[in-house]
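Close look at the chain arrangement
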Amino acid sequence: MAAAPPEPTAAPLHVAIVMDGNGRWAKRRGLPRTLGHRAGVEALKRTVAAAPALGIKWLTVFGFSTENWSRPAAEVAELMALPKRYFDSDLTRLEREGVRVRCWGRREGLSPELVKMLDEAEARTAHNDTFFLQIAFNYGGQADIVDAARAFAAEVAAGRARPEDLDEAMFARHLSSRDAPPTDLIIRPSGEQRLSNFLLWEAAYAEFVFQDVLWPDFSVDHLKAALEEFSRRDRRYGGTPADGVLAAG
Ligand code: FPP
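Named according to an unreviewed UniProt entry, the chain is Isoprenyl transferase originating from Phenylobacterium conjunctum. As stated in UniProt under Sequence similarities (unreviewed entry), the record for the chain gives "Belongs to the UPP synthase family." The record held by UniProt for the chain lists under Subunit (unreviewed entry) the comment "Homodimer."

Let's shift gears to the overall build of the chain. For the chain, the count of helices and strands is seven helices and six strands. In sequence order, the secondary structure elements of the chain are arranged as β-α-α-β-α-β-α-β-α-α-β-β-α. Whereas a compact globule of 249 residues would reach a radius of gyration of roughly 18 Å, the chain reaches 19 Å, a difference of no more than 12%. In terms of overall dimensions, the chain has a C-alpha envelope of 65 × 55 × 35 Å along the principal axes. Looking at the chain as a whole, 45% of its 249 residues qualify as buried. Pairs at least 24 residues apart make up 75% of the contacts formed inside the chain by residues separated by at least 6 positions.

It is worth spelling out the side chain of asparagine 128 at this point. Assignment of secondary structure puts asparagine 128 in the loop between α4 (112-124) and β4 (131-139). By relative accessible area, which is 8% here, asparagine 128 ends up buried. A distance of 3.3 Å separates the side chain of asparagine 128 from the side chain of histidine 127, its partner in a polar contact.

To continue, consider the site of the ligand. The environment of the ligand is made up of 19 residues, and the closest members are Gly23, Arg24, Arg33, His37 and Arg71. Contact between the ligand and asparagine 22: an oxygen atom at 3.2 Å from a main-chain N or O atom of the residue. Within the side chain of arginine 71, an N or O atom sits 2.7 Å from an oxygen atom of the ligand. For the ligand, the protein covers 92% of the area, taking 630 Å² as the surface of the free molecule. For the shell around the ligand, the secondary-structure elements that each account for two or more residues are α1 (22-28), α2 (33-50) and α3 (73-96). Of the residues forming the shell around the ligand, the biggest block, five residues, is contributed by α2.

Conventions adopted
- Residues numbered from 1 in each chain as written.
- Predicted model: local features only at pLDDT ≥ 70, side-chain atom pairs only at ≥ 80, totals over all residues.
- Heavy atoms only, no water.
- UniProt positions renumbered as here; feature names shortened; annotations may be inferred.
- Helix = DSSP H or I, 4+ residues; strand = E, 2+ residues; numbered from the N terminus.
- Rg over C-alpha atoms; globule rule 2.2 N^0.38 Å.
- Buried < 20%, exposed > 50% of the residue type's maximum accessible area, 1.4 Å probe, protein only.
- Contact = heavy atoms within 4.5 Å.
- Polar contact = N/O pair within 3.5 Å; in protein donor to acceptor, adjacent residues only side chain to side chain.
- Near = heavy atom within 4 Å.
- Areas by Shrake-Rupley, 256 points an atom, 1.4 Å probe, with all protein chains shown as cover.

And the structure:
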């Protein structure tokens with residue numbers, strides 16, 4: 001009897017995206033990079049709108065990294081203006097549709113107006129639970145780990161914890177991702193194949209899909225293609241493969 005085809009891997013609950021390629025998208029059109037970033041916001045809107053129907057419950061996107069401060073001041077200013085652009089047009093709808101918004105990353109370094117806006121987006125949607133959108137902004141995976149280590153060290157210094165209490169689970173409870181389920185899938189468009197300091201801890205057993213599309217051109221079909229590729233992956237978490245044949249890795 002022929003072996004049954006392998007069961008497809010269940011749809012990913014938590015998808016993360018490195019929204020890369022805005023600058024190249026603009027350059028190819030002879031446009032300023034700022035317009036590439038604005039087009040990137042439109043791609044984010046399309047993706048958030050499509051994700052729930054595809055079985056995704058948590059979506060985490062990389063909006064601004066702790067390394068992006070090194071860009072020219074005018075570009076940094078445009079990147080800082082993107083949350084306002086997004087929330088001005090979409091926050092009311094996100095709130096109404098049951099989306100809970102969280103903004104991961106350091107608030108230090110951001111303008112007071114921007115901090116207020118991020119906090120407000122979180123507060124206005126705090127009661128929602130149909131879909132979870134995390135915007136990593138002024139976020140770095142290493143910075144997030146350092147902040148978690150500092151928070152735990154402060155608990156030890158205050159006598160509320162002992163160093164030997166720390167294990168992976170307790171450490172994870174100090175990260176921005178503490179309330180999120182494990183990241184199942186990380187998508188990076190634009191042809192680059194690296195993590196760029198995104199979700200370093202959370203990527204431990206995530207699957208990666210790299211796509212040759214610039215983020216402003218990212219469509220529902222690209223998202224579906226990434227999920228399709230994910231469904232063919234054999235997730236082993238360091239254990240044996242589903243068919244019992246042990247391959248390397
Ligand atoms: C990287 O592309 C992208 C960014 C640094 C910004 C990504 C942000 C958005 C798409 C919108 C964010 C929306 C909110 C609400 C914060 P790049 O500029 O490095 O592209 P390149 O590699 O082609 O130059």
